[in-house]
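So you can see what is in the structure, the chains are spelled out below.
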Amino acid sequence: MPKFVVEREIPSIGQVSAEELQAIARKSREVLNAMGTSIQWVESYVTGEKIYCVYIAENEQQILDHAAQGGFPANRICQIETMIDPTTAE
């Protein structure tokens, strides 16, 4: 199944409390559970003004549906073509 990176623009997200991030994660998980097993949240990276999320999903529309149902933005969605890391150089 394809893997995607989702960019979410959320002003000052890097300054929110651990409790607020927990609430966001709970909402995301609730929506995912309702959507079924064809979409999976892998992990997210919180920066000052954005969250970058990695998902496994059948298609981009599933990610848009998740965002709409969860009430959070999906400003940019990019399908991951391949991955590299330091071992790629060997």
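Refer to the preceding data block for the structure.
Thresholds applied
Residues numbered from 1 in each chain as written. Predicted model: local features only at pLDDT ≥ 70, side-chain atom pairs only at ≥ 80, totals over all residues. Heavy atoms only, no water. Helix = DSSP H or I, 4+ residues; strand = E, 2+ residues; numbered from the N terminus. Buried < 20%, exposed > 50% of the residue type's maximum accessible area, 1.4 Å probe, protein only. Contact = heavy atoms within 4.5 Å. Areas by Shrake-Rupley, 256 points an atom, 1.4 Å probe, with all protein chains shown as cover. Lys, Arg positive; Asp, Glu negative; His and termini not counted. Charge placed at Lys NZ, Arg CZ, Asp CG, Glu CD. Polar contact = N/O pair within 3.5 Å; in protein donor to acceptor, adjacent residues only side chain to side chain.

S.K.: Please set out the overall build of the protein chain residue by residue, giving values where relevant.
M.R.: Scanning the protein chain from terminus to terminus reveals 2 helices and 4 strands. Put simply, the protein chain runs from its N terminus to its C terminus through helices and strands in the order β-α-β-β-α-β. Dimensions of the protein chain, computed from the C-alpha atoms along their principal axes, are close to 40 × 30 × 20 Å. Across the 90 residues that make up the protein chain, the buried fraction comes to 24%. Partitioning the contacts of the protein chain with sequence separation of at least 6, the portion at a separation of at least 24 is 71%. For the protein chain, the exposed surface amounts to about 5,900 Å²; the carbon and sulfur share of it is 51%. Computing the positive centroid from 7 side-chain charges and the negative centroid from 13, the protein chain places the two 5 Å apart.

S.K.: Quick one: what's the story with the environment of S44, residue by residue and with numbers?
M.R.: Structurally, S44 can be placed in strand β2 (residues 39–46). Relative accessible area serves as the criterion here: at 28%, S44 is assigned to the partly exposed category. In this structure, the C-alpha to C-alpha distance between S44 and E7, residues 37 residues apart in sequence, is 9.7 Å. Residues within four places of S44 in sequence aside, it is in contact with I51, Y52 and C53. Among the polar contacts listed, one links the side chain of S44 to the side chain of W41, at a separation of 2.7 Å.

S.K.: Hey, could you go over the environment of M1 for me, with residue numbers and the actual values?
M.R.: Topologically, M1 is positioned in the segment before β1 (3–9). Here M1 falls in the exposed class, since its relative accessible area comes to 60%. In this structure the C-alpha to C-alpha distance between M1 and G48, which are 47 residues apart in sequence, comes to 30 Å. Excluding its chain neighbours within four sequence positions, the residues that come into contact with M1 are S38, I56, A57 and E58.

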